[in-house]
Amino acid sequence: MAPRRPLIAGNWKMIASSRHGLALAAELAARAKGAGAMKCDMLLCPPATLIRQVSEAVAGSGLAVGGQDCHAAPGGAHTGDVSAVLLAEAGCSFVIVGHSERRRDHDETSEMVRDKAAAARAAGLTPIICVGESEAERDAGETLAVVRSQLEGSLPEDAAGADTAIAYEPVWAIGTARTPTGAEIAEVHGHIRHRLAAVMGEEAQRTRILYGGSVTSGNASEILATAEVDGVLVGTASLEADAFWRIGESCP
Ligand code: PEP
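Report follows, based on the coordinates. (Residues numbered from 1 in each chain as written. Predicted model: local features only at pLDDT ≥ 70, side-chain atom pairs only at ≥ 80, totals over all residues. Heavy atoms only, no water.)

1. Considerations on the sheet that holds strand S8 (residues 231-234)
Part 1 of the reasoning: Here eight strands make up a closed barrel; going around it, the order is S1-S2-S3-S4-S5-S6-S7-S8 and the pairing parallel. Averaged over neighbouring strand pairs, the angle between their axes works out to 25° when direction is ignored.
Part 2 of the reasoning: Sheet topology note: the strand S1 (residues 7-11)/strand S2 (residues 41-45) ladder contains five bridges and is parallel. Bridging from a neighbouring strand, Gly10 pairs with Leu44 of S2. (Pairing = 2+ DSSP bridges. Helix = DSSP H or I, 4+ residues; strand = E, 2+ residues; numbered from the N terminus. Axes fitted to C-alpha atoms, helices over the stretch in contact; angles between N-to-C directions.)

Structure below.
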């Protein structure tokens, strides 16, 4: 089976201005075009309003574009929501689902995340399904149980191999400048791979498992060299072109 190609994903969240986002996309596209063959796939996930413009800005650069969320339905009376179909039409090939900020701010359950991931796959997008424990759950020794429960609850029944990605994002590490140790990341990623194999067999070897939570250009090399880490999901550091680009260059 071919080795998994690292995926470096930038989650721009609710970036403060379109101007910042478009300048970021233009700078990264210029770097990607000048860089030649890359050792990883790089993905930008802007807010929904910027997706089409960012897709146009990065066309021909090899950079991919993704959404930050999608509705589980392909269309209908859901004011304020965006479907996976609309994301695909606007230029996305990926979508983040079940980010802890959405589980927190919108009371999203794993069942809802599973339906969104299924909708994403039906629309031809690769869902990046986020899982991760809170600090209290970690302190109580529940990390593996929480991650397993979120993973199994959020994974569509027919998810297989490369058409789905998982992001392990400990909630306490997001935006805090704190990260688990390499051994802790390896343990959780190994557990995720093991659970994926139980559900999808050999195909699990093709699923990329990303780490997310306070990744910077300073710690990316070490994290990306950790066992079972197939890329990173980056928030804060993805808002600065040089920092995000250097994370991409850190791929083994
Ligand atoms: C995130 O929001 O997915 C994230 C990982 O944020 P940060 O890199 O800022 O911790």
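Having put the structure on the table, let's press on.
2. Here we look at the site of the ligand
Part 1 of the reasoning: Taken together, 14 residues surround the ligand, and among them Lys13, Glu169, Gly175, Ser214 and Thr236 come closest.
Part 2 of the reasoning: Between the ligand and Lys13 there is a distance of 2.5 Å, counted from an oxygen atom to a side-chain nitrogen or oxygen.
Part 3 of the reasoning: At 2.7 Å, a backbone N or O of Gly175 approaches an oxygen atom of the ligand.
Part 4 of the reasoning: Classifying every residue of the shell around the ligand gives four nonpolar, eight polar and two charged. (Near = heavy atom within 4 Å. Polar contact = N/O pair within 3.5 Å; in protein donor to acceptor, adjacent residues only side chain to side chain. Nonpolar A, V, L, I, M, F, W, Y, C, P; charged D, E, K, R; others polar.)

3. Things to note about unusual backbone geometry
Part 1 of the reasoning: We note that Lys13 has phi near 45°; this positive angle belongs to a residue other than glycine.
Part 2 of the reasoning: Inspection of the secondary structure puts Lys13 in the loop between S1 and helix H1 (18-35).
Part 3 of the reasoning: Of the residues examined, Lys13 reaches a relative accessible area of 24% and is grouped as partly exposed.
Part 4 of the reasoning: Not every positive phi belongs to a glycine, and Glu228 is a case in point at roughly 70°.
Part 5 of the reasoning: Within the element layout of this structure, Glu228 appears in the loop between helix H9 (220-224) and S8. (Buried < 20%, exposed > 50% of the residue type's maximum accessible area, 1.4 Å probe, protein only.)

4. A few points about the environment of Ala243
Part 1 of the reasoning: Along the chain, the position of Ala243 falls in helix H10 (residues 241-249).
Part 2 of the reasoning: Sequence separation of Ala243 and Gln68 is 175 residues, and the distance between their C-alpha atoms is 20 Å.
Part 3 of the reasoning: Apart from the residues within four sequence positions on either side, Ala243 is in contact with Ser217 and Ala237. (Contact = heavy atoms within 4.5 Å.)

5. What to know about the nonpolar core
Part 1 of the reasoning: The biggest cluster of nonpolar side chains holds 60 residues, and the ones touching the most others in it are Ile8, Ile166, Ile192 and Leu196.
Part 2 of the reasoning: Discounting residues that sit within four places of it in the chain, Ile8 has contacts with Cys40, Asp41, Met42, Leu43, Leu224, Gly231, Val232, Phe244, Ile247, Gly248 and Cys251. (Core = buried A, V, L, I, M, F, W, Y, C linked by side-chain atoms within 4.5 Å.)

This is a description of form; function is not addressed.
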